[in-house]
Amino acid sequence: MSKPSIPKGTRDFGPEEVIKRNYIFDTIRSVFTKYAYQPIETPTMENLSTLTGKYGEEGDKLLFKVLNNGDFLAKANKEALGEMDSVKVVSSISKRGLRYDLTVPFARFVVMHQNDISFPFKRYQIQRVWRADRPQKGRYQEFYQCDVDVVGSNALMYEAELTQIYDEVFAALKIPVEIKLNNRKILAGIAEVAGITNQFVDMTVAIDKLDKVGMEGVKNELVNRGIGADAIAKIETVLAIKDLSQLKIQLADSETGLKGVEELEQVFDYLAVSGGVTNEVNFDITLARGLNYYTGCIFEVKAKNVQMGSIGGGGRYDDLTGVFGLKNVSGVGVSFGAERIYDVMQELELFPDSADASLQLLFIAFDAKAHAFAFNCLAKARKAGLNADLYPEPTKLKKQMKYANDRKAPYVVLIGGNEMESGLLSLKDMESGTQTTLAIDAIIEQLLKS
RNA sequence: GUGGGUAUAGCUCAGUUGGUUAGAGCGCUGGAUUGUGGUUCCAGAGGUCGCCGGUUCAAUUCCGGUUAUUCACCCCA
């Protein structure tokens, strides 16, 4: 008999975990709703043509492909098969793949339903995504993403609004965080004044590693990526700047850079008139973010007092729907890393003990006659709205009591000959151990109050 | 994709410098307690020591391969 198992990078969740995870999702969802975002869902599977080429060459390798049904080999590309060329064969044996993120399916959704949507379209989406990455701590092949985006408006109000959403969610979850803001236009400006506009991506990838490898590490990375010493020196000076007004001087020669500074200033102005935020919101010039479709403001959230990567991120993208044929639709959105938020809350012990209320009252019967009587009482309790249950057979008390204990039932009602005769049932408080005798209606009434 | 660790009871892990009957804690079952759980005590069940091969009189132990898992890197949530 072989032991059952689940695929690499996937997990089972027990009742306790599901309750905690739902607490996170419910909190996030309620804030999204308050800010007037609407929920959508997209299929688990997308056409592979929708997904491929959207995440770079690395991303394509991490896509889960779904094998075609039927005699897929008969229709396979024989030439590619002969050459053992996996990449070529795939396109002839697989036409669908699992969702890799929520942003690309959302872009597809917007394009397909553009005539039914009122812009600006504010949507949120909480669904699973899959990546064939090698699993490691806090990284799985199947995980949830919680995305909130607004498309069809350039208004910087939304950058401020998304910052407020971050602030409000993490305040509600009681996780102290630092929300970092930057603007890709500022980074473009740095590349411009350093004279390496054509190596912009190399520069951002290197800068993104700053808090991990330090300034020396970043400089090494820049050298390795073939960036000249003069440019590196310039980048280093600019990266040391902490406030926006000073940055204007350094970026005076870059129109794009100045635009980025102005945009950020406006976002901060909005936040200032909003009545303030709970968490720290800071401009961080070293924030880069790997994804290259971002074109304006970028966001990242780091939990304080924990060793953990970012627990949220996002930004503005000027042309997300362009690849699907809809031009000039700007969007801005952020994502919550639910799995990491869970780990942080676990580490900081932030989950409320509200716990498992799945069983409030368990009936226990001593014999078959009492069991039938108890089943009647059970129906009354359920009708009154209590989460109640009856042990399925009148077996040994020890066994039944142990079940009540394991299920963390706060109350137990014991029913035997005496109880049936008098109509007064034994209600036991499992925590204190005290026992009282009451009629079933009185028991229900009392528990509904507690 | 690259590199390391680990694999022994349902779970978490000891252990065997290669030797006859394989160890603990927790959990499970039964009993002490015939109408009372969480504490305690007693007893019991449960293992092809991941899989394949090599060395050896003898391998769970050493070696090689393989699979699974885990950690780190690339990348990312």
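Remember, it's a predicted structure, so these values are computed and weren't measured experimentally. (Residues numbered from 1 in each chain as written. Chains lettered and ligands numbered in written order. Predicted model: local features only at pLDDT ≥ 70, side-chain atom pairs only at ≥ 80, totals over all residues. Heavy atoms only, no water.)

Asker: Provide a residue-level description of helix H16 (residues 397-406), including the pertinent values.
Answerer: Along H16, the residues classified as buried are Gln400, Met401 and Ala404. Projected down its long axis, H16 carries its buried residues within an arc of 95°, all on one side. Exposed and oriented more than 90 degrees from the buried face of H16 are Lys398, Lys399 and Lys402. Packed against the buried residues of H16 are strand E12 (361-365), strand E14 (411-415) and strand E15 (425-429). Of the residues trailing H16, Lys408 is marked for its positive phi of about 60°. (Buried < 20%, exposed > 50% of the residue type's maximum accessible area, 1.4 Å probe, protein only. Helix = DSSP H or I, 4+ residues; strand = E, 2+ residues; numbered from the N terminus. Arc of directions from axis to C-beta. Contact = heavy atoms within 4.5 Å.)

Asker: Tell me about empty space enclosed by the protein, and name the residues and values.
Answerer: According to the stated counting rule, one finds 1 cavity of 30 Å³ or more in the structure shown. Estimated volume of the largest cavity: approximately 40 Å³. Lining the largest cavity are Arg11, Phe13, Arg21, Arg128, Glu142, Phe143, Tyr144 and Glu339. In terms of residues, the lining of the largest cavity owes the most to one element, strand E6 (residues 142-151), which gives 3 residues. Taken together, the residues of the lining of the largest cavity break down into 3 nonpolar, no polar and 5 charged. (1 Å grid on protein atoms, 1.4 Å probe; cavity = no way out; pocket = protein on both sides within 12 Å on 5 of 7 lines; lining within 4 Å. Points joined across faces, edges and corners; volume = space filled by probe spheres on them. Nonpolar A, V, L, I, M, F, W, Y, C, P; charged D, E, K, R; others polar.)

Asker: Outline the sheet that holds strand E7 (residues 177-183), supporting the account with residue identities and numerical values.
Answerer: Strands sit in the order E1-E5-E6-E11-E10-E9-E7-E8 across an open sheet of 8 strands; the sheet is mixed. Whereas interior strands pair on both sides, the edge strands pair on one side only; in this sheet they are strand E1 (38-39) and strand E8 (280-283). Judged from the 7 bridges that link them, E7 and strand E9 (residues 297-303) form a sheet pairing that is antiparallel. The residue of E9 that forms the bridge with Asn182 is Ile298. Where helix H7 (residues 157-172) meets the sheet, it contacts strand E5 (121-130), E6, E7, E8, E9, strand E10 (312-317) and strand E11 (331-336), and its direction lies at approximately 10° from that of E11. On the sheet, helix H14 (residues 338-347) packs against E6, E9 and E11 and is oriented at approximately 115° with respect to E6. (Pairing = 2+ DSSP bridges. Axes fitted to C-alpha atoms, helices over the stretch in contact; angles between N-to-C directions.)

Asker: Can you explain the domain arrangement of chain A? Please cite residues and give values.
Answerer: With domains assigned, chain A is organised as domain 1 (15-46 + 100-347) and domain 2 (359-449). Each of domain 1 and domain 2 was reduced to a C-alpha centroid, and the two centroids are 53 Å apart. (Domains from an automatic or database assignment.)

Asker: Go over the protein's contact with RNA strand B, please, and point to the residues and values.
Answerer: Taken together, 35 residues sit near RNA strand B, with Arg131, Arg139, Tyr140, Glu419 and Met430 positioned nearest. Backbone atoms, meaning sugar and phosphate, make up 41% of the atoms of RNA strand B lying within 4 Å of the protein. Arg134 places a polar side-chain atom, nitrogen or oxygen, 2.9 Å from a base oxygen of RNA strand B. At a separation of 2.9 Å, a base nitrogen of RNA strand B approaches a polar side-chain atom of Asn405. (Near = heavy atom within 4 Å. Polar contact = N/O pair within 3.5 Å; in protein donor to acceptor, adjacent residues only side chain to side chain.)

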